Amino acid sequence: MNKSYLKWGLVALFGFGIGACVQHLPLESNSPNAVAETTNMAQLKNLQATYASVAKKVLPAVVNINTTQIIPGRVLRDPFSDFFGGGGTIREPDRKAQSLGSGVIVNNNGTIITNHHVIANASQITVTLNDQRQFPAKVVGSDTDSDVAVLKIQAKDLPTLQWDDSDKLQVGDIVLAMGSPFGLSSTVTQGIISAKGRHDLGISPYEEFLQTDAAINPGNSGGALVDLNGNLIGINSAILSKTGGNQGIGLAIPSNLVRKISDQLIATGKVTRGWLGVVAQPITADIARGMNLPNTNGVLVIGVYDNGPAADLQPGDVLLSANGTAISSAGQLRNTVADLVPGSTLTLQVWHNGKSVQRSVKVGTRPEKVQGI
């Protein structure tokens with residue numbers, strides 16, 4: 001039996017006559033276990049206060065986005081035409097489809113970041129602020145390939161979030177996700193950075209996702225992923241789920257990528273990306289054995305555009321590094337090239353005809369609707 005319980009029991013049963021037991025109580029409260037419990041409780045209270053202060057700071061800059069899309073009615077064969085002759089048709093009435101998402105205010109003049117898929121094909125966009133004021137929004141620019149969009153509302157002196165450097169994040173860092181899942185505005189969830197640099201998931205052409213276990217659900221798209229300083233480190237974008245709801249794998253576009261894209265959209269209304277003009281695939285163990293490669297590093301070139309910037313490369317070449325950085329996947333190389341200014345030079349280390357050689361390529365401007373890197 002725990003000594004402290006025994007002493008209090010004796011006092012209760014026999015009164016204050018057992019003074020020695022009572023005198024020992026302060027010593028028991030200073031035991032290692034008691035001190036540890038007190039310290040742990042203090043740390044929990046500090047962490048709780050941190051979460052609360054971050055939520056109080058961030059939520060005013062996170063908005064709800066409601067969109068309306070007009071879906072044209074289908075043209076159908078008139079069922080009465082068989083009775084009256086002719087090949088008549090009828091047209092169903094147009095219908096409205098509504099969807100919900102989230103957004104983040106990044107400038108006090110009403111500039112809002114969200115996902116492209118939140119506002120795609122919308123005929124009307126309404127932004128609801130944390131204080132319940134509503135504003136119509138216009139699209140400044142939207143980029144399908146990165147799933148980033150910029151909106152503008154006519155408002156002044158709005159609360160904003162500060163960008164932070166997503167490259168500094170480490171796996172295990174605590175993060176908070178904020179948005180409007182299922183239309184429930186001002187929702188806050190907590191988790192960690194589960195992984196960085198998730199590529200080739202088939203969600204969008206340019207992927208560099210942060211993975212988090214902070215609960216993200218439909219409606220969270222476009223909302224904020226923040227650190228414990230309340231700074232913006234990502235835009236919540238997607239989930240991997242077999243049920244359609246949160247299963248612990250949420251994906252956010254890192255703030256550094258969002259900022260690059262949004263700056264271009266604000267400046268020009270479009271995004272310009274670098275281009276090599278090659279199609280590449282991962283190198284499997286079977287491919288490595290078949291080609292007598294020493295390992296599975298790099299990516300295998302399987303197609304080259306005749307008039308592309310890298311027309312001197314050949315199918316069967318293996319791209320090992322780009323500007324001194326090892327190539328781990330086609331997605332990583334695609335992002336690296338996309339970030340380069342057209343006209344700049346990219347130095348590639350290439351495995352060609354059984355040996356490693358260096359190639360310099362003048363990066364081009366990526367045309368619309370082309371495959372590859």
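Residues numbered from 1 in each chain as written. Predicted model: local features only at pLDDT ≥ 70, side-chain atom pairs only at ≥ 80, totals over all residues. Heavy atoms only, no water.

### Some words on the environment of Ser 329
As for its placement among the helices and strands, Ser 329 is situated in the loop between strand E20 (325-326) and helix H9 (330-339). Once the C-alpha coordinates of Ser 329 and Gln 281 are considered, the two residues, 48 residues apart in sequence, prove to be 7.8 Å apart. Those residues in contact with Ser 329 that sit more than four places away from it in its chain are His 199, Asp 200 and Val 299. A distance of 3.0 Å separates a polar side-chain atom of Ser 329 from the backbone nitrogen of Gln 332. (Helix = DSSP H or I, 4+ residues; strand = E, 2+ residues; numbered from the N terminus. Contact = heavy atoms within 4.5 Å. Polar contact = N/O pair within 3.5 Å; in protein donor to acceptor, adjacent residues only side chain to side chain.)

### Focus: the nonpolar core
Residues Ile 153 and Met 178 are the most contacted members of the largest nonpolar core, which totals 44 residues. Ignoring any residue separated from it by four or fewer positions in sequence, one finds Ile 153 in contact with Asn 109, Gly 110, Ile 112, Val 127, Leu 129, Phe 135, Pro 136, Ala 137 and Leu 158. (Core = buried A, V, L, I, M, F, W, Y, C linked by side-chain atoms within 4.5 Å. Buried < 20%, exposed > 50% of the residue type's maximum accessible area, 1.4 Å probe, protein only.)

### Looking at the confidence of the model for the chain
Do not read the fine detail of predicted coordinates wherever pLDDT is low. This prediction gives the chain a mean pLDDT of 85; 84% of its residues lie at or above 70. A low-confidence stretch, residues 1-28 (pLDDT under 50), is modelled with 13 contacts involving residues beyond four sequence positions or located in other chains. (pLDDT = per-residue confidence, 0-100.)

### Concerning helix H7 (residues 255-268)
Taking 1.5 Å of rise per residue, 14 residues should cover 20 Å, and H7 covers 20 Å from first to last C-alpha, within 8% of that figure. Inspection of H7 places Ser 255, Leu 257, Val 258, Ile 261, Ser 262 and Leu 265 among the buried residues, and these make up the whole buried set. One side of H7 holds all its buried residues, which, seen down the axis, span an arc of 155 degrees. Set apart from the buried face of H7 by more than 90 degrees, the exposed residues are Ala 267 and Thr 268. Among the structural elements, strand E5 (111-114), strand E8 (138-143), strand E9 (148-152), strand E14 (232-239) and strand E15 (250-254) are those in contact with the buried residues of H7. Residue Gly 269 follows H7 closely and has a positive phi angle near 80 degrees. (Expected span 1.5 Å × (residues − 1). Arc of directions from axis to C-beta.)

### Section: unusual backbone geometry
Of note, Asn 121 is a non-glycine position whose phi angle comes to about 60 degrees, a positive value. Residue position: Asn 121 is located in the loop between helix H6 (116-119) and strand E6 (124-128). With a phi close to 60 degrees, Ser 186 is a non-glycine residue in the positive phi region. Turning to its location among the elements, Ser 186 is positioned in the loop between strand E10 (174-179) and strand E11 (187-198).

### Some details on the pattern of salt bridges
In total, this model carries 5 salt bridges according to the counting rule given. Of the charged contacts, one joins Asp 145 and Arg 273 as a salt bridge, the two residues approaching to 3.8 Å between their closest N and O atoms. With Asp 145 in the loop between E8 and E9 and Arg 273 in the loop between H7 and strand E16 (274-275), this pair connects stretches of sequence that are 128 residues apart. Among the residues examined, Arg 273 registers a relative accessible area of 7% and is labelled buried. The shortest N-O distance in the salt bridge between Asp 286 and Arg 289 comes to 2.2 Å. In this pair, Asp 286 and Arg 289 are both assigned in helix H8 (residues 285-290), 3 residues apart and thus about one turn of the helix distant. By the burial criterion, Asp 286 is exposed, and Arg 289 matches it. Linked by salt bridges that have partners in common, Asp 143, Asp 145 and Arg 273 make up one network. (Salt bridge = Lys/Arg side-chain N within 4 Å of Asp/Glu carboxyl O.)

### Brief notes about the pairing of E11
Relative to E11, E10 runs antiparallel, the two being bridged by 6 bridges. Its bridge partner being in E11, Met 178 is matched across the sheet by Val 188. (Pairing = 2+ DSSP bridges.)

### Looking at the packing of aromatic side chains
This structure, assessed with the given rule, holds 1 aromatic pair. The residue whose ring lies beneath Arg 273 is Tyr 206, and the NZ or CZ to ring-centre distance is 4.4 Å. (Phe/Tyr/Trp six-rings, centres within 6.5 Å; stacked < 30°, edge-to-face > 60°. Lys NZ or Arg CZ within 6 Å of the ring centre and 35° of its normal.)

### Some words on the pairing of strand E21 (residues 345-352)
Side chains Leu 346, Leu 348, Val 350 and His 352 of E21 all project onto a buried face; the interleaved residues Thr 345, Thr 347, Gln 349 and Trp 351 project onto a face where none is buried. Bridge count for strand E19 (residues 318-322) against E21 is 4 bridges, and the pairing is antiparallel. Considered in E21, the bridge of Leu 319 is made with Val 350. Pairing of E21 with strand E22 (residues 355-362) involves 8 bridges; the strand directions are antiparallel.

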